[in-house]
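Commentary on secondary and tertiary structure
The lines below spell out each chain.
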Amino acid sequence: TLFTSFGKINIKSARFATDCAPIDPQCDCYACRNYSRAYLSHLYRAGELTFFRLASLHNLHYYLNLMRQMREAITAGEFEKFRRNFYAKRGKNAPSI
């Protein structure tokens with residue numbers, strides 16, 4: 001599973017075999033800047049360890065960036081807005097607190 005600004009993607013899905021887009025177009029990590037979903041899908045299907053390294057780099061970058069955005073929202077007093085936007089991007093309603 002790869003985490004993105006719009007939700008999770010499962011690279012095993014056949015639809016990614018020819019997808020030339022980066023994992024997440026809004027991400028600037030090494031994997032997203034240099035490799036396509038199709039290439040990562042190929043690496044996964046071939047059992048290449050490189051897939052796991054690139055997926056880990058991407059997911060770590062995603063979560064570090066997410067935590068930075070959360071801290072900034074908390075500092076600005078706008079966490080509730082951040083939370084609603086987070087769920088809206090993923091097509092979900094924010095759960096009640």
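Residues numbered from 1 in each chain as written. Predicted model: local features only at pLDDT ≥ 70, side-chain atom pairs only at ≥ 80, totals over all residues. Heavy atoms only, no water.

1. Things to note about the side chain of aspartate 24
Along the chain, the position of aspartate 24 falls in the loop between β2 (7-9) and α1 (30-34). Despite its burial, aspartate 24 pairs with no opposite charge, the nearest such side chain being arginine 37 at 6.3 Å. A distance of 2.7 Å separates the side chain of aspartate 24 from the backbone nitrogen of serine 5, its partner in a polar contact. Beyond its immediate stretch of four places on either side in the chain, aspartate 24 contacts Thr4, Ser5, Phe6, Cys32 and His58. (Helix = DSSP H or I, 4+ residues; strand = E, 2+ residues; numbered from the N terminus. Buried < 20%, exposed > 50% of the residue type's maximum accessible area, 1.4 Å probe, protein only. Lys, Arg positive; Asp, Glu negative; His and termini not counted. Salt bridge = Lys/Arg side-chain N within 4 Å of Asp/Glu carboxyl O. Polar contact = N/O pair within 3.5 Å; in protein donor to acceptor, adjacent residues only side chain to side chain. Contact = heavy atoms within 4.5 Å.)

2. Some thoughts on the state of the cysteines
Under the defined criterion, the tally for this structure stands at zero disulfides. Here cysteine 20 stays free of any disulfide, with the sulfur of cysteine 32 as its closest cysteine sulfur at 14 Å. Cysteine 20 gets classed as exposed once you look at its relative accessible area, which sits at 68%. (Disulfide = S-S within 2.5 Å.)

3. Structural notes on the nonpolar core
Of all hydrophobic cores here, the largest spans 14 residues; its most connected members are Leu2, Ile11, Ile23, Leu40 and Phe51. Listed by contribution, the elements that provide at least two residues to this core are α1, α2 (37-45) and α3 (49-75). Of the residues forming this core, the biggest block, three residues, is contributed by α3. Apart from residues no more than four positions distant in its own chain, phenylalanine 51 is found in contact with Ile11, Leu40, Leu43 and Tyr44. (Core = buried A, V, L, I, M, F, W, Y, C linked by side-chain atoms within 4.5 Å.)

4. Structural notes on the environment of leucine 43
Following the sequence through the fold, leucine 43 ends up in helix α2. Overall, leucine 43 belongs to the buried group, its relative accessible area being 4%. Once the C-alpha coordinates of leucine 43 and isoleucine 11 are considered, the two residues, 32 residues apart in sequence, prove to be 9.9 Å apart. In this structure leucine 43 touches Glu48, Thr50, Phe51 and Leu54, once residues within four positions along its chain are discounted.

5. So, a nonpolar patch on the surface
Side chains of Tyr44, Leu49 and Phe52 sit close together on the surface and give an oily, nonpolar patch of about 320 Å² of accessible area. Summarising the element assignment, leucine 49 is placed in helix α3. With a relative accessible area of 69%, leucine 49 lands in the exposed category. (Patch = residues over 30% accessible without salt bridge, like charges linked within 9 Å, V, L, I, M, F, W, Y side chains within 5 Å. Areas by Shrake-Rupley, 256 points an atom, 1.4 Å probe, with all protein chains shown as cover.)

6. Re α3
Here α3 is 27 residues long and its end C-alpha atoms lie 39 Å apart, about the 39 Å a rise of 1.5 Å per residue gives. Within the sequence span of α3, burial applies to Phe51, Leu54, Ala55, His58, Asn59, Tyr62, Leu66 and Ala73. Those residues of α3 that are buried lie in contact with β1 (2-4), α1, α2 and α4 (79-89). Positive phi shows up at glycine 77, right after α3, with a value of about 75°. (Expected span 1.5 Å × (residues − 1).)

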